[in-house]
Amino acid sequence: MHQQQHAVKVRLDRFVKERLEPARERASAPVRVAAWAVPGEPVPFSEAVGQSYAPVEEGYAWGRAWGTVWFKVSGAVPADWTAEPGEVELAIDPGFIGEGAGFQVEALVFDGSGRTLKAIEPKNDYVRLGLKPGESFELYVEAAANPDVFTSGVRFAPTPLGRWETAPDTPIYRLGRIAVVQRDATVWELVQDVATVRGLALELPEGSPRRAELFAALDAMVDAVHPHDVHGTAVAGRKALRRVLSSPAARSAHQVYAVGHAHIDSAWLWPVRETVRKCARTFSNVLELMDADPDLVFACSSAQQFAWIKESYPELFERIRARVAEGRFVPVGGMWVESDTNMPGAEAMARQFVEGKRFFLEEFGIDTREVWLPDSFGYTGALPQIARAAGAGYFLTQKLSWNEVNKYPHHTFDWEGIDGTRIFAHFPPVDTYNSQLTPKELAHTERNFADKGRASMSLVPFGFGDGGGGPTREMMAAARRAADLEGSPTVRIAPPIEFFEAAEEELPSRPVWSGELYLENHRGTYASQARTKRGNRRSEALLHEAELWAATAAVRTGAEYPYELLRRSWRTVLLNQFHDILPGSSIGWVYDQTAKEYARIEADLEPVIAGAVAALGSGGAVEGEGFVNSGPYEVDGVPAFSVGAKQVNDVVTVERDSGSTVIANGAVRVVFDADGLITSLVDGATGRETVPPGERAGLLQAFTDTPRNYDAWDVDVEYRRSGRDLEAADEVKVVEEGKERAALRTVRSFGESTITQVFSVEAGRAAVDIETTVDWHERQTMLKFAFPVDVHTASARSEIQFGHIERPTHTNTSWDEARFETCAHRWVHVGEAGRGLGVANDATYGHDVTRHPRSGGGTFSVVRQTLLKSPLFPDPEADQGEHVFRTSLVPGGVAEAVRAGYRLNLPLRAVAAGAVEPLVAVGNPAVVVETVKLAEDGSGDVVVRLYEAHGARTEAVLDLGFTAGAVAETDLLEREVETAAVTASDAGSVSLALRPFQIATLRITRA
């Protein structure tokens, strides 16, 4: 039987290729084509339409990398055709190279009025003309010469294509066939029938009756269609397959909710400006397909992409708005972009939802209920609470199917965050967000679904992404044929919310996954493109400061609050947190742009901060120099959220003894050896030694970093075999020796690079601060900064948004072993009862924490920061040049680490202004005020967002530096919700009771 079926397959495949596929066209006719090459960046239709176009023919070489050529196409439908309007199309091949969708030439077709009609991609290469025989047309085609950066030359090799300036000027495409064609709808439908029957047959067991029946029907189809008269006998071919296509699915068949989709990275192997055009092309395709097919429902996330269309293609946006109102073009996700979730700060993660959901509410009146992140590189354990606080109840991702070692045990479950909040989660078992709804994909969905027996349904996003054009008519045809088909899962096209509600009802008692959803892949994204990561962290801090001081000035002096400037700055930061920008996995062009944008944010916000503080400065005198403290904890005697004078009652001493240097104050004592490495760090509060016997802290280490696959994305555990300790110093010198501060400088050389470090201790501060300046000229080399800590512990605590997460430092399980590089925000802490060390940073995200045998017994821990990665692909210039990193070593517990993280990221600012009392204050150090701002609606209400930071139930009082009216708890969008944290309030204070890591947003009216 197998041999007979194989023979049918071979016969069928040749017949389809040689007879059926060519017969999809009944006739074709030539057209006239003329071209105009845009000399630089893309131009709008209004500018292109008035240019001089020169005639060109098939084979015309066009398009330097990232360039644009406009083609004017004119012609007429031959008068002798007997064609209906729906059968007449314009076939366009602007120069496709293979059939890869989204990584090559793309085009957008306009009519003479400038209305977008449809995009052109390899799998979507036609425009319906809707003309009768004898009618003429003139269209404009904007063709983008986007290069295939991914596969240019050797895969993952350095490429000049990542920047306009380095890309070659030579044309990379040749114009293909452009012609008017008459489509044979019956033959096209027959091809779709065959694809479904053949694909299903190959997924069934060889000995099954259904498989044999399908092959027999395919054999009969070939007999029924005459090879020399396909057009005339295609109906007979369809009849031969009708019975097997009408046999209904089994009662127990898996249920697929198919959602039209196009995952468009907001930047990646192309610049942001090209993403705007990719969105216009894909959305035009979707609208055109909706006109032709009433069954299509399309889900689209990322408010930013809608906003781009509104700004650059307003006519297209209004057509989208109409389809949104119908419920067919469905905004989902509720975020500004599909962001990374590991590295954005707490307030930034909240603002992703605030800005995204506000846009959807303002533009469409839709309050999205799902988090849609199919492709981000792992998911923070803080996300369930943040999502719930934004009004979302559902979460979807597919990316975790990329795990290298372990498979997550469920596809439908409850995901529990660090505070105990749960959200309904789904991983589509189809294992792709670019499904074509093929029988193979549907069969994989059913086989792979981990929760069968308890649940029976899953979601499948279908459509070509990243400029491939989204769903196609072939996919819609596949969905219709699989709607109720024996041997296949059932398929229904529906919006995501229908799936989530049905799946939640079907599985009321769900398994639970607690903590972060760690991706065992792409771990290098915590370090690649260090400048962008610093720009992100710095911009988050500037926004915090600008909102705090602008709100304080507005309340105290009536100063104007810069709503629009803050919103614009936030949206820029949020865009650059997209999951291929902030992680460092985009081309160099993208990072040249982010550098300019972060500089603009700084230029915009520094005057806001300075102006607000200056307006407040008449509040009282400051003896000596004044300092602005924008952080939530007192620093050097300056209270949180205030302006005041430093108050330090301590001195720093320096001692030298036989090659070692000792710097000490009343809180820490640190000993450096002749190499400038730390041999002892004693906590003055306890007298405990932090450095293990025989070890040295503050050790720089260099590792060869040549991952198996994606340079910028990945770190493979094998890197640990190649480490080199950078011990020898070119210089070790005490460079500052005052009563208030002492500092030791070291200079080290490595390859073509130089690393200068300044270790300092300040009076009254229980910390060793380290500033590392790196002039880096290495490639595929990872630089780490290591700190052995004399504690025996099975876990480390790392700060994430609104709290911290505890991760094992042992490798008991395969899950522990695979988590060898992790993300932390401002600090990592290792400790045991009564002792520990926090390692804080001002712009570092990548870390690893390990356990090692200790001389004398037990174990010690090593905390390492990953400072630089310097990959070659996709940006060969990644991480080159100068970088500055700030680290702080803080003996003590988690509470001390939390304080150090804020101090390092919100350092004191010296000012000439007078004293300023804080607008809000909390006496309990476990409760952190993260954000102080004015309400987004312009009411003048004060909004305070705070959280419990130590991981324990606690009570606190929020003291108000103004007279309050009403106090309400709200969601992230500042809408009132049921009280959960506030226990009492009056005109001057708010009493709170918080569970571990609970977030509370308070909206306070002013009396």
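Residues numbered from 1 in each chain as written. Predicted model: local features only at pLDDT ≥ 70, side-chain atom pairs only at ≥ 80, totals over all residues. Heavy atoms only, no water.

All right, on to the overall build of the protein chain then. Assigned secondary structure in the protein chain consists of 18 helices and 52 strands. Taken over C-alpha atoms, the radius of gyration comes to 31 Å for the protein chain, in line with the 30 Å a tight globule of 1007 residues would show. Counting over 1007 residues, the protein chain shows a buried share of 63%. Long-range pairs, those at least 24 residues apart, make up 74% of the contacts in the protein chain between residues at least 6 apart in sequence. For the protein chain, the exposed surface amounts to about 35600 Å²; the carbon and sulfur share of it is 49%. Distance between charge centres in the protein chain, computed from 103 positive and 140 negative side chains, equals 3 Å. (Helix = DSSP H or I, 4+ residues; strand = E, 2+ residues; numbered from the N terminus. Rg over C-alpha atoms; globule rule 2.2 N^0.38 Å. Buried < 20%, exposed > 50% of the residue type's maximum accessible area, 1.4 Å probe, protein only. Contact = heavy atoms within 4.5 Å. Areas by Shrake-Rupley, 256 points an atom, 1.4 Å probe, with all protein chains shown as cover. Lys, Arg positive; Asp, Glu negative; His and termini not counted. Charge placed at Lys NZ, Arg CZ, Asp CG, Glu CD.)

Next up on the list: the nonpolar core. Core analysis: the biggest nonpolar cluster contains 188 residues, and Trp70, Phe283, Phe329, Phe395, Trp549, Leu946 and Leu958 have the highest contact counts within it. Ignoring anything within four residues of it in the chain, the contact list for tryptophan 549 reads Ile609, Ala612, Val613, Leu616, Val628, Asn629, Ser630, Phe641, Ser642, Val643 and Val916. Within the second largest apolar cluster, 43 residues are counted, among which are Ile663, Ile770, Ala824 and Val828. (Core = buried A, V, L, I, M, F, W, Y, C linked by side-chain atoms within 4.5 Å.)

We now examine the packing of helix α3 (residues 185-203) against helix α5 (residues 230-245). The N-to-C vectors of α3 and α5 enclose an angle of 35°; their axes lie 9 Å apart at closest approach. Handedness of the crossing formed by α3 with α5: left-handed. Facing α3, whose interface residues are Thr186, Val187, Glu189, Leu190, Asp193, Val194, Thr196 and Val197, α5 presents Val230, His231, Ala234, Val235, Gly237, Arg238, Leu241, Val244 and Leu245. Residues of the contact of α3 with α5, tallied by class, amount to ten nonpolar, four polar and three charged. (Axes fitted to C-alpha atoms, helices over the stretch in contact; angles between N-to-C directions. Left-handed = near helix turned anticlockwise from the far one by under 90°. Nonpolar A, V, L, I, M, F, W, Y, C, P; charged D, E, K, R; others polar.)

For the rest of this paragraph, the subject is unusual backbone geometry. Backbone phi values are negative for most residues with the exception of glycine, while trans is the configuration of most peptide bonds. A cis amide bond links phenylalanine 873 to the next residue, proline 874, at an omega of 5°. The topology assignment puts proline 874 in the loop between β42 (859-868) and β43 (881-891). Backbone geometry places glutamine 780, a non-glycine residue, at a positive phi of 50°. Since its relative accessible area comes to 22%, glutamine 780 is described here as partly exposed.

Topologically, glutamate 762 is positioned in strand β33 (residues 753-762). You can call glutamate 762 buried: its relative accessible area is 19%. Taking the C-alpha atoms as reference points, glutamate 762 and valine 929, 167 residues apart in sequence, are found 26 Å from one another. The contact partners of glutamate 762, leaving out residues within four places of it in the chain, are Asp636, Val652, Asn665, Glu740 and Arg741.

An order of β16-β17-β19-β18-β22 is seen for the five strands of this open sheet, with the pairing classed as mixed. Each edge of the open sheet carries a strand with a single partner, namely β16 (370-372) and β22 (512-514). Strand-to-strand twist across the sheet, computed as the mean angle between neighbouring axes with direction ignored, equals 30°. Note that strand β18 (residues 412-416) and strand β19 (residues 422-426) share five bridges and pair antiparallel. Bridged to glutamate 416 within β19 is arginine 422. (Pairing = 2+ DSSP bridges.)

If you trace the six strands from one edge of the open sheet to the other, you get β3-β2-β5-β10-β7-β8, paired in antiparallel fashion. At either end of the open sheet lies a strand with only one pairing partner, and these are β3 (54-55) and β8 (116-120). With five bridges joining them, strand β7 (residues 106-110) and strand β10 (residues 136-144) adopt antiparallel strand pairing. Opposite glutamate 106, over in β10, you have alanine 144 as the bridge partner.

A large share of strand β5 (residues 68-76) lies buried, amounting to seven of its nine residues. Alignment of strand β2 (residues 32-37) against β5, held across six bridges, turns out to be antiparallel. Across the sheet, residue tryptophan 36 finds its bridge partner in β5, namely tryptophan 70. Where β5 and β10 come together, nine bridges link them in antiparallel fashion. Bridge assignment links phenylalanine 71 to a residue of β10, and that residue is valine 141.

Time to look at the packing of aromatic side chains. One pass over the structure, following the stated rule, counts 47 aromatic pairs. Aromatic side chains phenylalanine 359 and phenylalanine 364 sit 6.4 Å apart centroid to centroid with 80° between the ring planes, which places their arrangement in the edge-to-face category. Across the pair, exposure class does not vary: phenylalanine 359 and phenylalanine 364 are buried alike. An aromatic cluster is present here, built from Phe283, Phe298, Phe306, Phe317, Phe329, Trp336, Phe359, Phe360 and Phe364 joined pairwise through their rings. Between the NZ or CZ atom of arginine 537 and the centre of the ring of tyrosine 845, over which it lies, the distance is 4.5 Å. (Phe/Tyr/Trp six-rings, centres within 6.5 Å; stacked < 30°, edge-to-face > 60°. Lys NZ or Arg CZ within 6 Å of the ring centre and 35° of its normal.)

What follows deals with the side chain of lysine 869. Summarising the element assignment, lysine 869 is placed in the loop between β42 and β43. Engagement of the side chain of lysine 869 in a polar contact is seen with the side chain of aspartate 705, the distance being 2.6 Å. (Polar contact = N/O pair within 3.5 Å; in protein donor to acceptor, adjacent residues only side chain to side chain.)

Here we take up the pairing of strand β37 (residues 803-808). Where strand β36 (residues 795-800) lies against β37, six bridges are found, and the strand directions are antiparallel. Across the sheet, the residue bridging to arginine 797 is glutamate 806, located in β37. Linking two consecutive strands that pair antiparallel, namely β36 and β37, is a turn of two residues; a positive phi of about 55° is found at phenylalanine 802 within it.

Turning to helix α7 (residues 303-312), a few remarks are in order. Counting buried positions along α7 yields seven of ten residues, so the element is predominantly enclosed. Taken residue by residue, α7 has Ala303, Gln304, Gln305, Phe306, Ala307, Trp308 and Ile309 as its buried positions.

As a further point, take the packing of helix α14 (residues 530-557) against helix α15 (residues 563-575). Between α14 and α15, the shortest axis-to-axis distance is 10 Å and the interhelical angle comes to 160°. Between α14 and α15, the crossing angle belongs to the class labelled roughly antiparallel. Every pair of crossing elements has a handedness; the one defined by α14 and α15 is left-handed. Here Asn536, Ser539, Glu540, Leu543, Ala546 and Glu547 of α14 lie close against α15, whose contacting residues are Leu566, Ser569, Trp570 and Val573. Considered class by class, the residues forming the contact of α14 with α15 number five nonpolar, three polar and two charged. (Parallel < 35°, antiparallel > 145°, perpendicular 65-115°, else oblique.)

Right, let's talk about the environment of glutamate 634 for a bit. With respect to the helices and strands, glutamate 634 occurs in the loop between β23 (626-629) and β24 (642-644). Of the residues examined, glutamate 634 reaches a relative accessible area of 39% and is grouped as partly exposed. The spatial distance from the C-alpha of glutamate 634 to the C-alpha of threonine 525 is 34 Å, given a sequence separation of 109 residues. Not counting chain neighbours up to four residues away, the residues in contact with glutamate 634 comprise Asn629, Pro639, Ala640 and Arg899. A distance of 3.1 Å separates the side chain of glutamate 634 from the backbone nitrogen of aspartate 636, its partner in a polar contact.

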